[in-house]
Amino acid sequence: MVRFISWVAMVVVGILVILFAVSNRSTVMLDLWPLPYLVPFPFYGAVLSAAFMGFMGGAIVAWISAGGARRKARYTSRKVSGLETDL
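Rules used in this analysis
Residue numbers restart at each chain and count upward from 1, following the sequence in its written direction. A pLDDT threshold of at least 70 governs which residues receive local features in this predicted model, and a stricter bar of 80 or more applies before side-chain atom pairs are shown or counted, although totals over entire chains, interfaces and linings include all residues. With hydrogens and water stripped out, all remaining heavy atoms of the structure feed into the side-chain values. Put simply, DSSP marks the helices as runs of H or I at least four residues long and the strands as runs of E at least two long, and each gets a number from the N terminus on. Only C-alpha atoms enter the radius of gyration, while the globule expectation follows 2.2 Å times N to the 0.38, with N the number of residues. Exposure categories follow from relative accessible area, calculated using a 1.4 Å probe and restricted to protein chains: below 20% of the type maximum is buried, above 50% is exposed, and the middle band is partly exposed. The contact criterion used throughout is that any non-hydrogen atoms of two residues lie within 4.5 Å. Every accessible area reported is derived by Shrake-Rupley at a probe size of 1.4 Å, with residue values counting cover from the shown protein chains alone. At least two DSSP bridges between two strands are required for those strands to pair. Surface patches are drawn from residues lacking salt bridges whose relative accessible area is over 30%; two like charges belong together within 9 Å, two nonpolar side chains (Val, Leu, Ile, Met, Phe, Trp, Tyr) within 5 Å. What counts as a salt bridge is simple: a side-chain nitrogen of Lys or Arg found within 4 Å of a carboxyl oxygen of Asp or Glu. Only four residue types enter the tally: Lys and Arg on the positive side, Asp and Glu on the negative side, with His and both chain ends excluded. For the purpose of locating charges, the reference atoms are NZ of Lys, CZ of Arg, CG of Asp and CD of Glu. Values of pLDDT, which run from 0 to 100, indicate the predictor's confidence residue by residue. Axis geometry follows a simple rule: fit a line to the C-alpha atoms, using only the stretch in contact for helices, then measure angles between N-to-C directions, giving values from 0 to 180 degrees. Geometric relationships in this document are graded by angle, where less than 35 degrees denotes roughly parallel, more than 145 denotes roughly antiparallel, 65 to 115 denotes roughly perpendicular, and other angles denote oblique. Throughout this entry, Asp, Glu, Lys and Arg are counted as charged residues, while Ala, Val, Leu, Ile, Met, Phe, Trp, Tyr, Cys and Pro are counted as nonpolar. The remaining residues, Gly among them, count as polar.

Comments concerning the overall build of the protein
In step 1: Assigned secondary structure in the protein consists of 3 helices and 2 strands.
In step 2: Along the chain direction, N to C, the helices and strands of the protein fall in the order α-β-β-α-α.
In step 3: Scaling as 2.2 N^0.38, a compact globule of 87 residues should have a C-alpha radius of gyration of about 12 Å, whereas the protein reaches 22 Å, well beyond that.
In step 4: Taken along the three principal axes of its C-alpha coordinates, the protein extends 70 × 40 × 15 Å.
In step 5: When burial is assessed residue by residue, the protein has 6% of its 87 residues classed as buried.
In step 6: If you take every contact in the protein between residues at least 6 apart in sequence, the share linking residues at least 24 apart comes to 13%.
In step 7: For the protein, the accessible area works out to roughly 7,700 Å², and carbon and sulfur atoms hold 74% of it.

Here it is, written out as structure tokens:
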């Protein structure tokens, strides 16, 4: 049931992203700050790429912060394997 709800949520989010992209096709000028360049870019591309970079940044922070739990799980798994071998 959880998998079904997950798929439904992904489909809804996908449809919303597609609708956002279709309704925001105007071009904006992106200023690449340290460089003297202005790049024309679709508005939806700028917003979606910023959202994606934020998502990836959050994923990296979550992965790093869970390192202690992963280390403990590896240690426990090795200890259990050793104990099973001794048994």
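The discussion continues.
Here's the deal with the pairing of strand 2 (residues 37-42)
In step 1: As paired elements, strand 1 (residues 27-32) and strand 2 share 6 bridges and run antiparallel to each other. What sits directly across from Leu32, in strand 2, is Tyr37.
In step 2: What sits between the antiparallel neighbours strand 1 and strand 2 is a turn of 4 residues.

A short note on a positive patch on the surface
In step 1: Taken together, the side chains of Arg70, Arg71, Arg74 and Arg78 make up a positively charged region of the molecular surface.
In step 2: You can call Arg78 exposed: its relative accessible area is 59%.

Things to note about a nonpolar patch on the surface
In step 1: Taken together, the side chains of Met1, Phe4, Ile5, Val8, Val11, Val12, Ile15, Leu16 and Leu19 define a hydrophobic patch exposed on the protein surface, amounting to about 920 Å² of accessible area.
In step 2: Inspection of the secondary structure assignment puts Val12 in helix 1 (residues 2-23).

Points about the confidence of the model for the protein
In step 1: On average, residues of the protein carry a pLDDT of 92, and 100% of them reach 70 or more.
In step 2: When pLDDT is averaged over each element of the protein, helix 3 (residues 67-86) comes out on top at 95 and strand 1 at the bottom at 89.

Things to note about the environment of Thr27
In step 1: Tracing the backbone shows Thr27 in strand 1.
In step 2: On the basis of relative accessibility, which here comes to 55%, the residue Thr27 falls in the exposed class.

A few points about the packing of helix 2 (residues 43-65) against helix 3
In step 1: The N-to-C vectors of helix 2 and helix 3 enclose an angle of 45 degrees; their axes lie 4 Å apart at closest approach. With respect to each other, helix 2 and helix 3 are oriented oblique. Mapping the contact onto sequence places Trp63, Ile64 and Ser65 in helix 2 and Gly67, Gly68 and Arg70 in helix 3.
In step 2: Tallied by class, residues from the contact of helix 2 with helix 3 come to 2 nonpolar, 3 polar and 1 charged.

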